[in-house]
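Take a look at the letters that make up each chain.
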Amino acid sequence: MDCRKYLLVFSILFFMMVSCSNSSGRQTAAVGTNEVVEEPRVVFNADSAYSYVAAQCAFGERVPNTEAHRLCGDYLASELRRHGADVTEQRMTLTAFDGTKIEARNIIGEYFPEKQRRILLLAHWDSRPWADNDPDPAKRKLPVMGANDGASGVGVLLEIARVLSANEPEIGIDILFSDAEDWGDSGAGDDSSWALGTQYWTENPHRKGYQYPSFGILLDMVGDRNAKFLKEYFSMQAASGVVDQLWATAASLGYDNYFINASGGAMTDDHVFLIRAGIPCVDIIDQRMDSDTGFCPQWHTSFDTMRHIDRSALEAVGQTVVTMLFGK
Ligand code: AHN
Ligand code: ZN
């Protein structure tokens, strides 16, 4: 062996010694010059989540009654199955506020069904049929891509499904991809036209004997680079303990730039119907108190595309939820 090879072998051994030398056996990462941040015990991979968001968008807009919607639904069910969930596809025909008959599908993946204590993680997977908030009136009848509004929450949950295929938490987990959340009437005085898939699920359990979870966590619009998660009003009313635990976990991981310790507005969303059915539920939703709509500028416009999706927002949400499930 020449000395270059000795040097290489020595370097590898030295690296192995250093990387195994901390007492917990966990990997550490140096940040800056003197700060050392411990990797979480169970790691959420934001690149993987990002690719799941992109994969949904690659089908096109997932508007119910379209080919893109059907194919994406098949993909989501098969990804959950591939990651070891017990999957149920709940098919239903719904009537939207405008009279359209919608062929909808809730997709449910159950992990560790034998565990009694369970929590529900959910996100809507449909795209809104109209970009009715677009600045250009000519585009307001076109469908929304929904990279953020829909695909981001589902992408985070698919990555959590992958995590669950390799790590067993103490509690059981149900993942719900709800359909027809976004075929709602933005001019209506009541909320009944929104979240039709979740409303159906609360009235029709997806299988006989299904026991409700202790609480739910809804992810909605979790992918924008400037996301701000405020403590949503109905979430605080129904599950303030879970809200506080999530926000404290996020802060302990350094994500307090996304999870703001302040109260937000009251949102019409899937969680409202779960709360009404008796499941306390938190909505992690990007709110902008300084905008007219209350949401990010791309909301319900033609600009809700992959261009605005940021891995670090996905990571903040995904790693916070994973740390809630598995501890620090
Ligand atoms: C309101 O329009 C107030 N809420 C709709 C909730 C929503 C739509 N989330 C995503 N798209
Ligand atoms: Zn929407």
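Quick look at the structure, then. Since the model is a prediction, treat every value here as computed from it, not as a measurement.

Take the coordination of the zinc ion (ligand 2) next. Tetrahedral coordination by four donors puts the ideal angle at the metal at 109.5 degrees, and octahedral coordination by six puts it at 90 or 180 degrees. Only Asp149 (OD), Asp182 (OD), Asp182 (OD) and His300 (NE2) from the protein coordinate the zinc ion (ligand 2), and they sit 1.9 to 2.5 Å from it. Considered as a linear motif, the donors of the zinc ion (ligand 2) on their single chain read D-x32-D-x117-H. Pair noted here: aspartate 149 is in helix α4 (residues 147-166) and aspartate 182 is in the loop between β6 (172-178) and α5 (196-203), with a separation of 33 residues, a long-range link. Here the two residues aspartate 149 and aspartate 182 agree in accessibility, since each one is buried.

Before going further, it helps to spend a moment on the pairing of β6. Most of β6 is tucked away: 7 of the 7 residues are buried. The alternating pattern of β6 places Gly172, Asp174, Leu176 and Ser178 and Ile173, Ile175 and Phe177 on opposite faces, both of which are buried. Summarising the sheet, strand β4 (residues 101-111) and β6 pair through 5 bridges and their orientation is antiparallel. Across the sheet, residue isoleucine 107 finds its bridge partner in β6, namely phenylalanine 177. Pairing analysis gives 7 bridges linking strand β5 (residues 118-124) to β6, with the strands arranged parallel. Opposite histidine 124, over in β6, you have serine 178 as the bridge partner. Between the parallel pair β5 and β6, the chain is carried across by α4, and the sense of this crossover is right-handed.

Quick look at the side chain of glutamate 159 now. Summarising the element assignment, glutamate 159 is placed in helix α4. A relative accessible area of 0% places glutamate 159 in the buried class. At 2.8 Å, the side chain of glutamate 159 forms a polar contact with the backbone nitrogen of asparagine 45. Of the polar contacts made by the side chain of glutamate 159, one reaches the side chain of arginine 162; its length is 2.7 Å. The contact partners of glutamate 159, leaving out residues within four places of it in the chain, are Val43, Phe44, Asn45, Ser48, Ala49 and Tyr52.

For helix α6 (residues 233-252), with 20 residues, the first-to-last C-alpha span of 23 Å runs short of the 28 Å given by 1.5 Å per residue. Bending of α6 peaks at approximately 115° at the position of alanine 239. Those residues of α6 that fall on the buried side of the exposure criterion are Ser235, Ala239, Val242, Val243, Leu246, Trp247, Thr249 and Ala250. For α6, the elements touching its buried residues are β7 (215-220), β8 (229-231), β9 (259-263), α7 (270-277), β10 (281-285) and α8 (311-326). Between a side-chain oxygen at the N-terminus of α6 and the backbone nitrogen of phenylalanine 234 the separation is 3.2 Å; the capping residue is glutamate 232. After α6 finishes, the residue glycine 254 shows a positive phi value of roughly 90°.

So, about the sheet that holds β4. Spatial ordering of the open sheet is given by β3-β4-β6-β5-β7-β10, a layout of 6 strands whose pairing is mixed. Both outer strands of the open sheet, β3 (86-95) and β10, are each paired with one neighbouring strand and no more. Mean inter-strand twist for the sheet, computed between neighbouring axes without regard to direction, equals 20°. Two strands pair when backbone bridges link them, and β7 and β10 are joined in this way by 5 bridges, in the parallel orientation. In the sheet register, isoleucine 217 faces β10, and the bridge partner there is valine 282. Seen against the sheet, α5 touches β3, β4, β5 and β6 and runs at an angle of roughly 110° to β3. Contacts from α6 reach β7 and β10, with the element oriented near 65° to β10.

Tallied over the entire structure, the rule returns 17 salt bridges. Between glutamate 110 and arginine 207 there is a salt bridge whose closest N-O contact spans 2.9 Å. Placement of glutamate 110 in strand β4 and of arginine 207 in the loop between α5 and β7 is noted, with a sequence separation of 97 residues between them. A relative accessible area of 4% means that glutamate 110 is categorised as buried. What makes arginine 207 partly exposed here is its relative accessible area of 33%. The closest approach of N and O atoms between glutamate 168 and lysine 115, which form a salt bridge, is 2.9 Å.

What counts, and where the lines are drawn
- Residues numbered from 1 in each chain as written.
- Chains lettered and ligands numbered in written order.
- Predicted model: local features only at pLDDT ≥ 70, side-chain atom pairs only at ≥ 80, totals over all residues.
- Heavy atoms only, no water.
- Donors = N, O, S within 2.8 Å, 3.2 Å for Na, K, Ca; no water.
- Helix = DSSP H or I, 4+ residues; strand = E, 2+ residues; numbered from the N terminus.
- Buried < 20%, exposed > 50% of the residue type's maximum accessible area, 1.4 Å probe, protein only.
- Pairing = 2+ DSSP bridges.
- Right-handed = clockwise from strand over helix to strand, strands pointing away.
- Polar contact = N/O pair within 3.5 Å; in protein donor to acceptor, adjacent residues only side chain to side chain.
- Contact = heavy atoms within 4.5 Å.
- Expected span 1.5 Å × (residues − 1).
- Bend = angle between axes of the 7 residues up to and from the residue.
- Axes fitted to C-alpha atoms, helices over the stretch in contact; angles between N-to-C directions.
- Salt bridge = Lys/Arg side-chain N within 4 Å of Asp/Glu carboxyl O.

Read these as geometric descriptors, not functional statements.
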